[in-house]
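# Architecture at a glance
Residues per chain, in single letters:
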Number of protein chains: 2
Amino acid sequence: MSKILAVGTVAFDEIITPFGETGKILGGSASYISMAARKITDYVAVVSVIGNDFPDEYLQKFTDRQIDISGIEKLENEKTFYWKGRYHNDLNKRDTLATEVNALAHFNPVVPENYKDAEFLMLGNLHPAIQKAVIDQMKKRPKLIALDTMNFWMDTAWNDLMEVLKDIDILIINDEEARQLSKDYSLVRAAKIIQNMGPKYLIIKKGEHGALLFHGKDIFFAPALPLEDVFDPTGAGDTFAGGFIGRLAKEENTGFEAMKNAVICGSNLASFTVEKFGTERLESLTKEEIINRLQDFINLTQFDIELI
Amino acid sequence: MSKILAVGTVAFDEIITPFGETGKILGGSASYISMAARKITDYVAVVSVIGNDFPDEYLQKFTDRQIDISGIEKLENEKTFYWKGRYHNDLNKRDTLATEVNALAHFNPVVPENYKDAEFLMLGNLHPAIQKAVIDQMKKRPKLIALDTMNFWMDTAWNDLMEVLKDIDILIINDEEARQLSKDYSLVRAAKIIQNMGPKYLIIKKGEHGALLFHGKDIFFAPALPLEDVFDPTGAGDTFAGGFIGRLAKEENTGFEAMKNAVICGSNLASFTVEKFGTERLESLTKEEIINRLQDFINLTQFDIELI
């Protein structure tokens, strides 16, 4: 089975939704990515940075699940990255109430020796120069490099972003980010423009409206599972990315058909994350629950039509 | 092959989009429904009302396609229903610039004798009391009665709407209408509430975000085909309804698996309608184009996953 290296934030989130508030809880892109991937496949490591206020019990959430955290650096003179946000009533929009960059401002990623040959590299949303620095540390070119980014880097680090996009295989962003990156409103045209920037594959996440996978002229679509209630959307995108790359690593296949299954797997895991606050649902999630819900996705989307 | 009776407006539309303006063209729910259904199946009739200004060449668009128009009544002292609207830049919203009800205010639907035994009845968006009056004229209960409605009737004719909902099998509305009808934001909960109002089946159309089919605990989802450009969304929902009921009539089957195929067929035809103004694209559409695009829908949505 292949190894996955997940790079991103391990952080504190404080979340307010119409259903309640969390106080400071475990958050960060690398937390969701690694926990989701580890639900699917065996060898997952995290590269990240934390501060002196990060509790051991949170680190234990990783080690209890046999996620390799030798690449998580603790900065003794810094605090941990912290984000606070409030979701609107329909949960489709959120306002950031506070962001404290803290230790993340000094993040100098060091890939552990035993993961320098990882076949799958998932670069969570970070400064594109940091993402590039991770790629450069790999002993050999991974079989697949996936990258997430956001509008902020398009506004403040465009050239660095263009550089790292040339080195990756698949970009995973949301619809708003795809429109800003391509400067085109049509997602189909945006996908062509973005593929010309480097990544041969592109996933555009549309939140409750599902996700599109593009490769050349091929398009695949996975819906989000219709749920009675979405409780907390935080981490859904990173969970999707973790489930996606987890499935590819498990299948040891990076072809388009394998990617379709990986997109379904990512959507599957994300549908759990939104059922509770933070990583709570992901932590308790069982293999049986994942397989049962995969059947829900099959029922939701598969049909058998005659061409009449 | 079964017969379809389509009831709704045959009208003038005047459409302004970022791509141009149409002047007065053929529009109306029954125009789109019948033309779409007729692409799929053979026996389709329209019940509607027009005024003295309605050109013969527009009626000929129906008769050229062997659509039975003996149920279209011409009121010699009235003008034809007219709607003018302007779409916003992203084509997801539109403003109504003018509505002239005209002949529609005097619409007294009369079902032609040879269609009183139609197995499939599609009631386009009209006053619910008029929709009910059509049902009451049928010689025997159709195999399937489908109905479209809108917010306006929920605001102005709630009791009549509740009455007719008890008599139908499937309601076809958009997400905003489903939320207003059920008074619930969650579409999954809305679907349960609406099924308790009468229809055992419900389709919720989400425009560019696809359509959901509900029946008891079963849910099926069909995406809209991702297109480089949407040119004019007018009539997409009615085209969907026409393609949907056309497929059911062709298959002579109203089970859930047949409905899945019918939802795909409706989405397929709607993806053509939005490519040009009004009914233009639907008019020129060939069987071969429909089958090719059905393959696009299969590629877009079908996967073959192992439960690992």
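In what follows, the structure referred to is the one given above.
So, here is what we can say about the structure in this document. Predicted model only: the values in this text are computed from it and were never measured. Within every chain, residues take consecutive numbers counted from 1 along the sequence as written. Following the order in which they are written, the chains are lettered starting with A and the ligands numbered starting with 1. Owing to the predicted nature of the model, reporting of local features is limited to residues with pLDDT of at least 70; listing and counting of side-chain atom pairs is limited to 80 or more, with chain, interface and lining totals taken over all residues. Values shown for side chains rest on all heavy atoms present in the structure; no hydrogens or waters enter the calculation.

## Let's talk about the interface of chain B and chain A
By the convention used here, residues are in contact when the closest approach between their heavy atoms is within 4.5 Å. On the side of chain A, 40 residues touch chain B, which itself brings 39 residues to the contact. For the pair chain B and chain A, the two sides together bury roughly 3,900 Å², of which 59% comes from carbon and sulfur. Only one rule defines a salt bridge in this text: a Lys or Arg side-chain nitrogen within 4 Å of an Asp or Glu carboxyl oxygen. For the pair chain B and chain A, the number of links is four salt bridges. For the purposes of these results, a polar contact is taken to be a pair of N or O atoms within 3.5 Å, where, inside protein, one atom must be able to donate a hydrogen and its partner to accept one; residues adjacent in sequence count only when each atom of the pair is a side-chain atom. Summed over the shared surface of chain B and chain A, the number is 20 residue pairs in polar contact (both at pLDDT 80 or more). When contributions to the side of chain B that touches chain A are tallied by element, the ones reaching two or more residues are α7 (187-195), β13 (218-222), α8 (236-251), α9 (256-273) and α11 (287-301) of chain B. Under the DSSP-based scheme used, a helix requires at least four consecutive residues in state H or I and a strand at least two consecutive residues in state E, with every element numbered from the N terminus. Per-element accounting of the side of chain B that touches chain A gives the leading share, eight residues, to α11 of chain B. Two parts placed together each lose some accessible area; with a 1.4 Å probe, that loss summed over both constitutes the buried area.

## Focus: the packing of aromatic side chains
Pairing of aromatic side chains here covers Phe, Tyr and the six-membered ring of Trp, requires ring centres within 6.5 Å, and sorts the geometry by plane angle: under 30 degrees stacked, over 60 edge-to-face, intermediate tilted. Enumeration over the complete set of coordinates arrives at 17 aromatic pairs over all chains. Geometrically, the ring pair formed by Phe-54 of chain A and Tyr-58 of chain A is edge-to-face, given 5.7 Å between the ring centres and 70° between the ring planes. Aromatic rings pair up to connect Phe-12, Phe-54 and Tyr-58 of chain A into one cluster. Over a ring means this: the NZ of a Lys or the CZ of an Arg is within 6 Å of the ring centre and within 35 degrees of the ring normal. Here the basic side chain of Arg-179 of chain A rests over the ring of Tyr-185 of chain A, its NZ or CZ set 3.9 Å away from the ring centre. Sitting over the face of the ring of Tyr-115 of chain B, Lys-3 of chain B holds its NZ or CZ atom 5.2 Å from the ring centroid.

## A word on the pattern of salt bridges
Residues and elements named next belong to chain A. One pass over the structure, following the stated rule, counts 36 salt bridges over all chains. Notably, a salt bridge pairs Lys-61 with Glu-283, separated by 3.0 Å at the nearest N-O pair. Taken together, the residues span a long stretch of sequence, with Lys-61 in helix α2 (residues 56-63) and Glu-283 in helix α10 (residues 280-284) at a distance of 222 residues. For Lys-166, the salt bridge is made with Glu-163, and the minimal N-O distance between the two is 3.3 Å. Only protein chains enter the area calculation, which uses a 1.4 Å probe; residues under 20% of their type maximum are buried, those over 50% are exposed, and those in between are partly exposed. Overall, the relative accessible area of 54% leaves Lys-166 in the exposed class.

## As for the packing of helix α9 (residues 256-273) of chain A against helix α11 (residues 287-301) of chain A
All names here are of chain A. Between α9 and α11, whose axes approach to 10 Å, the crossing angle comes to 115°. By the criterion of interaxial angle, the relationship of α9 to α11 is roughly perpendicular. Of the two possible hands of crossing, α9 and α11 adopt the one that is right-handed. Listed contacts from α11 to Ile-264, Ser-267, Asn-268, Leu-269, Ser-271 and Phe-272 of α9 are Glu-289, Ile-290, Arg-293, Leu-294 and Phe-297. Under the convention adopted here, Pro, Cys and the residues Ala, Val, Leu, Ile, Met, Phe, Trp and Tyr are nonpolar, Asp, Glu, Lys and Arg are charged, and Gly plus all remaining residues are polar. Considering only residue class, the contact of α9 with α11 consists of six nonpolar, three polar and two charged. Lines fitted to the C-alpha atoms define the axes, with helices restricted to the stretch that makes contact. Angles between their N-to-C directions range from 0 to 180 degrees. Here is the rule for angles: anything less than 35 degrees is roughly parallel, anything more than 145 is roughly antiparallel, 65 through 115 is roughly perpendicular, and the remaining ranges are oblique. By convention the crossing between two helices is left-handed if the near helix lies anticlockwise of the far one by an angle smaller than a right angle, and right-handed if it lies clockwise.

## Observations concerning the relation of the copies chain B and chain A
Applying a rotation about an axis and a shift along it to one chain copy brings it onto the other copy. Here the copies are matched by least squares. The fit uses the C-alpha atoms of residues with pLDDT of at least 70 in both. In screw terms, the move from chain B to chain A is a rotation of 180° and a rise of 0.0 Å along the axis, fitting with an RMSD of 0.0 Å. The superposition of one copy onto the other is thereby described by a two-fold rotation axis. Taken as a fraction of all interface residues of chain B, those also at the interface in chain A reach 100%, which identifies the copy contact as same-surface.

## What about the environment of Leu-165 of chain A?
All names here are of chain A. Structurally, Leu-165 is set in helix α5 (residues 158-165). For Leu-165, a relative accessible area of 0% corresponds to the buried category. With 49 residues separating them in the primary sequence, Leu-165 and Phe-214 have C-alpha atoms 16 Å apart. Not counting residues within four places of it along the chain, the set of residues in contact with Leu-165 comprises Leu-147, Leu-171, Leu-181, Met-197, Gly-198 and Pro-199.

## Side note on the side chain of Thr-41 of chain A
By the secondary structure assignment, Thr-41 of chain A is in the loop between α1 (29-40) and β4 (43-51). In this structure Thr-41 of chain A touches Met-1, Ser-2, Ile-4, Gly-246, Ala-249 and Lys-250 of chain A, once residues within four positions along its chain are discounted.

## Points about unusual backbone geometry
In this model, Leu-91 of chain A sits at a positive phi of 65°, which is unusual for a non-glycine residue. Along the chain, Leu-91 of chain A turns up in the loop between β6 (82-87) and β7 (94-100). Phi at Lys-183 of chain B is positive, roughly 60°, even though this residue is not glycine. Inspection of the secondary structure assignment puts Lys-183 of chain B in the loop between α6 (175-182) and α7.

## Quick look at the sheet that holds strand β8 (residues 120-123) of chain A
Strand pairing in a sheet takes place through backbone hydrogen bonds and is either antiparallel or parallel in direction. Residues and elements named next belong to chain A. Taken together, the nine strands give an open sheet; going across it, the order is β5-β4-β1-β8-β9-β10-β11-β12-β13, and neighbouring strands pair in mixed fashion. Unpaired on one side and paired on the other, β5 (68-75) and β13 (218-222) mark the two borders of the sheet. Averaged over all neighbouring strand pairs, the angle between strand axes comes to 15°, with direction disregarded. When DSSP finds two or more bridges between two strands, those strands count as paired. Across six bridges, the pairing between β4 and β5 is parallel. Bridged to Gly-51 within β5 is Leu-75. On the sheet, helix α6 (residues 175-182) packs against β10 (170-174) and β11 (201-205) and is oriented at approximately 115° with respect to β10. Running at roughly 45° to strand β12 (residues 211-215), helix α7 (residues 187-195) makes contact with β10, β11 and β12 of the sheet.

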